[in-house]
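Architecture at a glance
What follows is each chain in one-letter form.
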Amino acid sequence: MSGRRSQTQMAPPPPPPKPNKAQANGNGALPNGTANNNSNNSNNSNYNNSYNSNKIVAVTTTEGDRQQRNQSESLSQNSNVTQRSQTPPRTEQVVMTPRGKTANSTVILIERKLIDEINDRVHVAGGDHTGIIINKDTIAGQKSASKAAALSLEFRVFLVSANTGKHSQESRTLRFWFRDWLTNDEKQAHIAQDFFKELVSPQDFPRDYVGFIKKIMKLLQHGYAEIQSIEIELRILEETSAPPSRPLSLEESQFESPPLTQEKVLELIEQAYPNPVSPEDLAKDYGWSEQDVLLVIQSLQDRGLIKLMEYNAYTRIHHEDKEIKVVKQMPTIASNKQPTIAIITAQYCEKLAVDAMLENKETFVRYTTVDSDPNLTNSLRKSKKKRRFGESNVYTLGNIGAHRIVSTKLPSVGSTREAMTATGNTTTRLLGTFQKVDYVFIVGVAGGVPHYTDYKKHVRLGDVVISYVDKQRALINSKEKPYVYVYKSGEDVKTYFPINDSLQQIAESLQANMELKRPWETYLNDAQQTLAQKTESDFGRPDAKTDKLFMNIGNNEVIEVAHPIAADEINGVTRLRLHLGPIGSGRDLVRSDDLRTQFARKFGLLATDVEMSSVLDSIIGNCRESFILVKGISDYKDGMSTRKWQNYASLSAAAVVKSVICGMDAPTNV
């Protein structure tokens, strides 16, 4: 959907004075109901064979079958029509006027007008439809070309013809004009977004063309008095014999066993890193044949991507594998080389991205093994099949400017008790091993919370969200405890806020100067060149066309929504933008489109990620007063639904982290 300003040449007549909010008809619309047509037969025969009629014309023959057209005509022909003289003078009504029609497009204007501005060629609905007027004619020479729309929204729906069975994709654009007394761009965008969300709500999404128009009019009747008029343009984009491709929602896909591919097995091995995993565990966890898993693993070995460890387990071969030191215990580190900043990641690509920002790197891996059954006899405990790797650790030491850094990767993340325990233990072990750490960064990918009308608030793929207090919310809810992260489990909600918010203040300064200084762009480009020489993974920015935004409308159906128009594109590519606001997660919440949307709106979230609450609990429990989450946006779920943008989003977040660290004062406790 496009939040476009001053982009169109059509606009409604000058708006009337600010209405009295007590006027019932000030928000006129078309509710459900019946009505009679009092116009004579000759008039009917004239306008029913012309577009200059009062009927709502079907979008196209692929959707507009005869039944649909008859249903459309009933909006006016079966209406209670009254004479204009019976309507109280100076009463505001909602008027629907056809604007134009081509072979594959239709344009309609729905506007609020004072009754004495309406001509005689109209139907005036009575009864339950009071307040709605439908023009018979497309009026020539309207004043509607005098003012550009304030903003516009575009989304796409997938249609199927009841007559031909053909499928098509249709673009639907809504252009908004607001009352003269509403000039605040931010408020206009907020109102338009609320209107759109209610229009496409999964509870009662209009499944046909007539229902779509009726719902727009009904919404205007019952609210949104700030909106002066809406122009609707419907345009068929393509027609095919097969249905257009659409993404599976997480509600659909989470119950399906993923296909066994090299890419999927490599992804699972990378997720477990530094813990090796066995073919037996992979087969059991995902319902695959162990023999088939072994064949895939052999292929990955042949490609030089994984290696065999003890106990028939495999791990990822790091691109700097020969430089990694395997240790049983971390060696003693001189006091002046002790790290004061810790960076925690959850995914393999996130760890690579962070390490690409470090200089003078040194990596240590400590493998640990556990018994699958503590009651096994000593002889069985020594058996390879009865032992497996447990909470192994990887630490990379290095420098960013004057600061000593340690980065690590969590062995597993998720909402299971085992995963949450492992992430908490890994964090506790990190802070216990490196006791001079005062600042903790949690860095990686997350899902963005989009804004459909305001580009400034729109979080899209490749952007970076930094955990921060929503200041506007804090001003409104002064009694509410401030937070930068929210975790929800069932009915329980837990919020997190650092005692020392100095990292957030540096991030705020970076965003405030974003138009003048963008140090992260240099760090990002340098790291991309370095990684391109050392690893087969691609950390470049994916094609902008792959950044598709979908909205769930219920019944496992989606619509594609266009992004608000970018104000800072370079050669058609949007620049990486920083966003400051709360981040959240919740057990099972982020896997449901509806629940995640409600959760994000309730707490003002800009991003949702995999569950980091146990990491934050450990940070706070170990008395670290300063922490910050920096998340690159890789999807619109929780950062884990697709790998397409993960590498680039990880590197974007790491580049911003380096920018924050370079803005910190030099350490004094070493």
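One can find the structure itself at the top, above this paragraph.
Quick look at the structure, then. Worth saying up front: this structure is predicted, and the values here are computed from it rather than measured.

1. Describing the nonpolar core
In terms of nonpolar packing, the biggest core is built from 129 residues, with I110, F176, F195, F441 and I559 touching the most fellow members. In contact with I110, other than residues within four places in its own chain, are V94, V95, M96, I213, I216, M217, L220, S229, I230 and I232. Counting 16 residues, the second largest nonpolar core, distinct from the first, contains I269, V277, W288 and I306.

2. A closer look at the pairing of strand β19 (residues 485–489)
Among the five residues in β19, four count as buried, and that is most of the element. Pairing of β19 with strand β20 (residues 492–496), which is carried by five bridges, proceeds in the antiparallel orientation. Residue Y487 lies in a different strand from β20, and its bridge partner there is K494. What sits between β19 and β20 in their antiparallel hairpin is a turn of two residues, with G490 showing a positive phi close to 65 degrees.

3. Considerations on the packing of aromatic side chains
Inspection of the entire model under this criterion finds 13 aromatic pairs. Centroid distance F195 to Y224: 5.1 Å. Interplanar angle 80 degrees. Geometry classified as edge-to-face. Taken together, the positions of F195 in helix α3 (residues 185–199) and Y224 in the loop between α4 (209–222) and β7 (227–240) put the pair 29 residues apart, joining distant regions of the chain. No difference in accessibility class separates F195 from Y224, as the two residues are buried. Residues F599 and F603 carry aromatic rings whose centres are separated by 5.5 Å and whose planes lie at 65 degrees to one another, so their mutual orientation is edge-to-face. Placement of both F599 and F603 in helix α15 (residues 593–603) is noted, with a separation of four residues, approximately one turn of the helix. Of the two residues, F599 and F603, neither departs from the other in class, the shared state being buried. Grouping aromatic residues by their ring pairs yields a cluster made of F155, F196, F212 and Y452. A cation sits over an aromatic face here: R172 above F212, 4.5 Å from the ring centre.

4. A few points about the environment of I191
Within the fold, I191 resides in helix α3. With relative accessibility at 11%, the residue I191 sits in the buried group. Taking the C-alpha atoms as reference, I191 lies 8.2 Å from I227; in sequence the two are 36 residues apart. Discounting chain neighbours no more than four positions away, the residues touching I191 are F178, L182, Y224, E226 and I227.

5. Notes on helix α6 (residues 262–272)
Most of α6 is tucked away, with eight of its 11 residues classed as buried. Along α6, the residues that are buried comprise K264, V265, L266, E267, L268, I269, E270 and A272. Residues of α6 that are buried in the fold lie against α7 (279–286), α8 (290–302), β8 (306–308), β9 (314–316), α9 (348–355) and β16 (403–409).

6. Things to note about the pattern of salt bridges
Counted under the stated rule, the structure contains 21 salt bridges. The salt bridge partner of E231 is R99, with a shortest N-O separation of 3.4 Å. Of this pair, E231 sits in strand β7 while R99 sits in strand β1 (residues 92–101); the two residues are 132 residues apart in sequence, bridging distant segments of the chain. Exposure remark for R99: the relative accessible area of 16% places this residue in the buried category. For the salt bridge of D194 with R601, the shortest nitrogen-to-oxygen distance reads 2.8 Å. Of this pair, D194 sits in helix α3 while R601 sits in helix α15, placing them 407 residues apart in sequence. With a relative accessible area of 18%, D194 lands in the buried category. Residue class for R601 comes out partly exposed when judged on its relative accessible area of 48%. Via salt bridges that share partners, R99, R175, E231, E233 and R235 belong to a single interconnected network.

How each quantity is defined
- Residues numbered from 1 in each chain as written.
- Predicted model: local features only at pLDDT ≥ 70, side-chain atom pairs only at ≥ 80, totals over all residues.
- Heavy atoms only, no water.
- Core = buried A, V, L, I, M, F, W, Y, C linked by side-chain atoms within 4.5 Å.
- Buried < 20%, exposed > 50% of the residue type's maximum accessible area, 1.4 Å probe, protein only.
- Contact = heavy atoms within 4.5 Å.
- Helix = DSSP H or I, 4+ residues; strand = E, 2+ residues; numbered from the N terminus.
- Pairing = 2+ DSSP bridges.
- Phe/Tyr/Trp six-rings, centres within 6.5 Å; stacked < 30°, edge-to-face > 60°.
- Lys NZ or Arg CZ within 6 Å of the ring centre and 35° of its normal.
- Salt bridge = Lys/Arg side-chain N within 4 Å of Asp/Glu carboxyl O.

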